[in-house]
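Here is how the chains run, residue by residue.
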Amino acid sequence: MAVKKQFIKTKPVCKVTFSLNVKEAQVATVVGDFNNWNPEAGALSKLKNGTFKGIFDLPTENSFEFKYLIDGAFVNEPEADSYRWNEFAGAENSVLEV
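Note that this is a predicted model, so its numbers are computed, not measured.

## A closer look at the overall build of the chain
Working step 1: Tallying secondary structure elements over the chain gives 0 helices and 9 strands in all.
Working step 2: From first element to last, N terminus to C terminus, the chain shows the α and β order β-β-β-β-β-β-β-β-β.
Working step 3: Relative to the compact-globule value of 13 Å for 98 residues, the chain shows a C-alpha radius of gyration of 13 Å, a close match.
Working step 4: Counting only C-alpha atoms, the chain reaches 40 × 35 × 25 Å along its principal axes.

Dropping the structure here:
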């Protein structure tokens, strides 16, 4: 799993690439504050090598809670910027700082 950030100099936007190396998975999405926790809005494409990948434009100077949804199971990003307890979920969420 990995998160790559590319800041755009001419706009207050960061292109964030989410990559998951879960070749055995059938479906993978990223859900979070930036897409209202909507799996359809966070769909990741499965590449020929089995990796799931998606690129999202997120507004800078923000902090977003998120998780991956892999075949129906929520998974945190091991390389997240930090983690935050979420009372609604009753668990920690990954945090992305852009």
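On we go.
## Some points on the sheet that holds strand S5 (residues 52-59)
Working step 1: Read from one edge of the open sheet, 4 strands run S1-S2-S5-S4, paired in antiparallel fashion. Looking at the sheet topology across the chains shown, the edges are occupied by strand S1 (2-7) and strand S4 (45-46).
Working step 2: With 6 bridges connecting them, S1 and strand S2 (residues 13-20) associate as antiparallel partners. By the bridge assignment for S2, Phe7 is matched with Cys14.

## Some points on the nonpolar core
Working step 1: Ranked by size, the top nonpolar core spans 19 residues in total, and within it Phe18, Leu20, Val30, Leu44 and Leu58 carry the most contacts.
Working step 2: Taken together, the elements giving at least two residues each to this core come down to S2, strand S3 (28-32), S5 and strand S6 (63-70).
Working step 3: Apart from the residues within four sequence positions on either side, Leu20 is in contact with Met1, Ala28, Leu44, Thr51, Phe52, Tyr68 and Ile70.

## Some thoughts on the packing of aromatic side chains
Working step 1: Enumeration according to the criterion identifies 7 aromatic pairs in this entry.
Working step 2: Note on Phe18 and Phe56: the rings are 5.8 Å apart at their centroids and 65° apart in plane angle, and the pair reads as edge-to-face. Residue Phe18 is located in strand S2, and its partner Phe56 is located in strand S5; the two are separated by 38 residues in the primary sequence.
Working step 3: Phe18 sits in the buried class, given a relative accessible area of 0%.
Working step 4: Ring centres of Phe66 and Tyr68 lie 5.8 Å apart, and the angle between their planes is 80°; on these two criteria the pair is classed as edge-to-face. No difference in accessibility class separates Phe66 from Tyr68, as the two residues are buried.
Working step 5: An aromatic cluster is built from Phe18, Phe34, Phe56, Phe64, Phe66 and Tyr68, whose rings are joined through pairwise contacts.

## Examining unusual backbone geometry
Working step 1: Located in the positive-phi region is Asn36, a residue other than glycine, with phi close to 55°.
Working step 2: Relative to the helices and strands, Asn36 resides in the loop between S3 and S4.
Working step 3: Residue classification places Asn36 among the exposed residues on the basis of a relative accessible area of 68%.
Working step 4: A positive phi angle is found at Trp37, which is not glycine, with a value near 60°.
Working step 5: Tracing the sequence through the fold places Trp37 in the loop between S3 and S4.

## As for the environment of Glu65
Working step 1: With respect to the helices and strands, the residue Glu65 is situated in strand S6.
Working step 2: Overall, Glu65 belongs to the buried group, its relative accessible area being 9%.
Working step 3: On a C-alpha basis, the gap between Glu65 and Trp37 in space is 9.5 Å, while along the polypeptide they are 28 residues apart.
Working step 4: If we ignore the near neighbours within four places in the chain, the residues touching Glu65 are Val31, Gly32, Asp33, Trp37, Arg84, Asn86, Asn93, Ser94 and Val95.
Working step 5: Here the side chain of Glu65 touches Asn86 through a polar contact of 3.1 Å, side chain to side chain.

Conventions and cut-offs
Residues numbered from 1 in each chain as written. Predicted model: local features only at pLDDT ≥ 70, side-chain atom pairs only at ≥ 80, totals over all residues. Heavy atoms only, no water. Helix = DSSP H or I, 4+ residues; strand = E, 2+ residues; numbered from the N terminus. Rg over C-alpha atoms; globule rule 2.2 N^0.38 Å. Pairing = 2+ DSSP bridges. Core = buried A, V, L, I, M, F, W, Y, C linked by side-chain atoms within 4.5 Å. Buried < 20%, exposed > 50% of the residue type's maximum accessible area, 1.4 Å probe, protein only. Contact = heavy atoms within 4.5 Å. Phe/Tyr/Trp six-rings, centres within 6.5 Å; stacked < 30°, edge-to-face > 60°. Polar contact = N/O pair within 3.5 Å; in protein donor to acceptor, adjacent residues only side chain to side chain.

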